[in-house]
Each structure stands twice: as structure tokens, then as C-alpha cells.
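Observations on the model geometry
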Amino acid sequence: MDWSHYRFRSLWALPAPPGVVHDLLAQAEDYPRWWPQVREVNRIDDTSGVITIRSLLPYDITFTAREVRRDRAAGIVEIAMTGDLEGWARWTITPHGSGTLARYDQVVDVNKPLLRRLAVPGRPFFRANHRLMMRAGRRGLLADLAGRREAV
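Here's what I pulled together on the structure shown here. Everything numeric here is computed off the predicted structure, so don't read it as measured data.

1. Here's the deal with the sheet that holds strand β7 (residues 99-110)
Neighbouring strands of a sheet are bound in pairs by backbone hydrogen bonds; such pairs are parallel or else antiparallel. One open sheet accounts for seven strands, arranged β1-β7-β6-β5-β4-β3-β2; its pairing is antiparallel. Each edge of the open sheet carries a strand with a single partner, namely β1 (5-14) and β2 (38-43). Direction aside, neighbouring strands of the sheet carry axes that sit 20 degrees apart on average. Pairing geometry for strand β4 (residues 61-71) and strand β5 (residues 76-83), over eight bridges, is antiparallel. Bridging across to β5, R66 finds its partner in A80. Against the sheet, helix α1 (residues 18-25) engages β1, β4, β5, β6 (85-96) and β7, with an angle of about 160 degrees to β6.

Next up, the structure:
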């Protein structure tokens, strides 16, 4: 088993139409506004940028994200990742009741040397750190959506 290889899945039920959710999730440069753990997004060009994230554990992860698919009709936003993380991440946005279900799938290998050295003893903490980050992201997006509804 490669202890530096991770697969994650998160499900976010959101009270907004799929098109609105897709458009928000497709704008990674806006993530730091509503997702506290996404510390910085610096655009390189129309389809790529450098992203720095940091959750509860005291380390930054920086990677280049390159958009490989953005399909509003299919509800897909997918990126390839290189740097401290190597792999891919995908949002799949579908109707769910009167709102939307946003499914986040990520498959990555951790390249950051410190995290590779701590792979075995740190694995449960790294997974918990990811869960906390995703929970905070959902809360932040919910607050952003509520603010948009109030502004209308």
C-alpha cells in the first residue's frame, strides 16, 4: 500500500439550483472568499492557477491546478493537480430535491516531503484534516449562497 495515496469523496447538499452551484464551484479564484482553508489562488492563465491550502494541521499545501473539464450541462468541474499534490479532483453537480447535490471526488498522491515522511503515523490525522476542511468549505459556501439570496 502506498501510504501517500489518498481517495476522498464528500457530498454537499446545497439549497441552490445546479447551475448556480456549478458557476460558483467553477470559479476557483473566488474560493478564498468563502472557503477559509483555501488561502490563496493565483491565476496563471485561463485554465490554470497556483492554489495554497491550509487546514487545521500546521502545514501549507501548494499545487498547480489545471482545468481539464468544465461542462455546465453535465454538471462537471474537473482539475488536474501537480506540486505538493499530484492527481485530480472533480465536482459533479446534480439536482437534489429543490436544490443541488455537489459531489467532490479527489484522487491524489502527496509529494510534499514532510507529509511523505509522516505518511504512516500521520494518515488518520491527514484524513481528519481533509474532512474538517471539506466541512468548513460547505459551511462557507452555504453562507455565500445565503448572502446571495438576501441580496436579491
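2. What about the environment of E86?
If you trace the backbone, E86 turns up in strand β6. A relative accessible area of 35% means that E86 is categorised as partly exposed. Here the alpha-carbon distance between E86 and F63, two residues 23 residues apart in the chain, equals 8.0 Å. If sequence neighbours within four positions are ignored, E86 has contacts with M81, V107, V108, D109 and N111. Of note is the side chain of E86, whose polar atom sits 3.5 Å from the side chain of N111.

Conventions used here
- All residue numbers here refer to positions counted from 1 along the written sequence of the relevant chain.
- Local features in this predicted model are restricted to residues whose pLDDT is 70 or higher, and side-chain atom pairs enter the listing and the counts only when it is 80 or higher, whereas totals over whole chains, interfaces and linings include all residues.
- With hydrogens and water excluded, all non-hydrogen atoms of the structure serve as input to the side-chain values.
- Being paired, for any two strands, means DSSP has found at least two bridges between them.
- The helix count covers DSSP runs of H or I at least four residues long, the strand count covers runs of E at least two residues long, and both are numbered beginning at the N terminus.
- The angle between two axes is taken between their N-to-C directions and runs from 0 to 180 degrees, where each axis is a line fitted to C-alpha atoms and a helix contributes only its stretch in contact.
- Working rule for contacts: check all heavy atoms of both residues, and any pair within 4.5 Å makes them a contact.
- Partly exposed describes any residue whose relative accessible area lies between the buried limit of under 20% and the exposed limit of over 50%, with all areas from a 1.4 Å probe on protein chains only and scaled to the type maximum.
- A 3.5 Å cut-off defines polar contacts: any pair of N or O atoms within that distance qualifies, except that in protein one atom must be a possible hydrogen donor and the other a possible acceptor, and neighbouring residues in sequence count only when both atoms are side-chain atoms.

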